[in-house]
Amino acid sequence: GPGAGLAPGIHIDALTQRSSDGVFIFSVDAPATIGAVTYHPADLIAYNGVSYAIYLDHSVNLGLGEDADITGVAFDEGGLVLLVFDAPLTLNQFGGGTLAYDPRNIVRYYPSGLLPSYLTVFTGAAAGLPAGSRLIGAEYFDALNLLVSVDVPVTLGAAAYAPGDAIMVNTSTNAASRYYRDTAVYPNPPPNSMTDFALPLPAGQVGNSLRAGKSGCHLAFASAAPASQPPPAPRRAHADSAAAPGT
């Protein structure tokens, strides 16, 4: 997996996989040198199974400062990038003005125009996430639902969720349900046991979900949903919002 090229102590903290070609898109939690290239924690890196390349540069493409750190990444159905950051930021808002980013939120990145810009697609406070919490994982499921994971235990509605749980949230109603629980670490997950996760399912297929963990910079496969959940609906393949060199 993409963690194979990382030095000890460098971890994947955002991960997705393009369903169109299987290329991993990820970021790291600290500056990482792979080959002759050093990547920033807010760069998005592409790994095609053989080589690494910059996918979106934090400054040139994303318009982010040196203190930014991407901790969640996904593609929506139209191929636009969804992002999570580890701390509050001020971003250019799509359509004009600025956007005050909260680390409980997910934003969509718009590459067109003179400046990169963003819109909020998920507001954690409205879904019941407490102040001071932050998302540590995000994935697009379908036009109405996102998967998220939170860094602290939270109660949404009548259900309690642990760090490492993948929570399905309806973006229209904010209704939440558990999609996946990491039974290998529940109920006492070690700190930051899961960083981000992906659902690399092309159209018409149902299979495993993929998660990134800090332990050994590796990727581990896990069941897509517990037996109490119905099988996930097939996800539609998405187009690329930006082309990665050499991938």
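Not measured: the values here are computed from a predicted model. (Residues numbered from 1 in each chain as written. Predicted model: local features only at pLDDT ≥ 70, side-chain atom pairs only at ≥ 80, totals over all residues. Heavy atoms only, no water.)

Quick word on the environment of Asp142
Here is step 1 of the chain: Here Asp142 shows up in strand β13 (residues 135-142).
Here is step 2 of the chain: Remark: the alpha-carbon pair of Asp142 and Glu77, spanning 65 residues in sequence, is separated by 7.2 Å.
Here is step 3 of the chain: From its side chain, Asp142 meets the backbone nitrogen of Leu144 in a polar contact 3.0 Å long.
Here is step 4 of the chain: Polar contacts involving the side chain of Asp142 include one to the main-chain amide nitrogen of Asn145, which spans 2.9 Å. (Helix = DSSP H or I, 4+ residues; strand = E, 2+ residues; numbered from the N terminus. Polar contact = N/O pair within 3.5 Å; in protein donor to acceptor, adjacent residues only side chain to side chain.)

Comments concerning the environment of Tyr118
Here is step 1 of the chain: Along the chain, Tyr118 turns up in strand β12 (residues 117-122).
Here is step 2 of the chain: Among the residues examined, Tyr118 registers a relative accessible area of 1% and is labelled buried.
Here is step 3 of the chain: Sequence separation of Tyr118 and Val81 is 37 residues, and the distance between their C-alpha atoms is 9.9 Å.
Here is step 4 of the chain: Tyr118 has contacts with Leu62, Leu64, Leu83, Leu91, Asn92, Gln93, Phe94, Leu99, Val107, Arg108, Tyr109 and Tyr110, leaving out every residue within four places of it along the chain. (Buried < 20%, exposed > 50% of the residue type's maximum accessible area, 1.4 Å probe, protein only. Contact = heavy atoms within 4.5 Å.)

Considerations on the pattern of salt bridges
Here is step 1 of the chain: Inspection of the entire model under this criterion finds five salt bridges.
Here is step 2 of the chain: Close ionic contact of Asp76 with Arg108 constitutes a salt bridge, the shortest N to O distance being 2.8 Å. You can see Asp76 sitting in the loop between β7 (70-75) and β8 (81-85) and its partner Arg108 sitting in strand β11 (residues 106-110), a full 32 residues away along the chain.
Here is step 3 of the chain: Using a relative accessible area of 22% as the deciding quantity, one classes Arg108 as partly exposed.
Here is step 4 of the chain: Residues Asp165 and Arg178 are paired through a salt bridge, measuring 3.3 Å at the closest nitrogen-oxygen approach. Residue Asp165 is found in the loop between β16 (159-161) and β17 (166-170), and its partner Arg178 is found in strand β18 (residues 176-180); the two are separated by 13 residues along the sequence.
Here is step 5 of the chain: Overall, Asp165 belongs to the buried group, its relative accessible area being 1%.
Here is step 6 of the chain: Accessibility expressed as a relative area gives 24% for Arg178, which makes it partly exposed. (Salt bridge = Lys/Arg side-chain N within 4 Å of Asp/Glu carboxyl O.)

Digging into unusual backbone geometry
Here is step 1 of the chain: You will see that Asn174, though not glycine, has its phi angle at about 65°, which is positive.
Here is step 2 of the chain: Structurally, the position occupied by Asn174 is in the loop between β17 and β18.
Here is step 3 of the chain: Relative accessible area serves as the criterion here: at 24%, Asn174 is assigned to the partly exposed category.

Take it as geometry only, folks, not as evidence of what the structure does.
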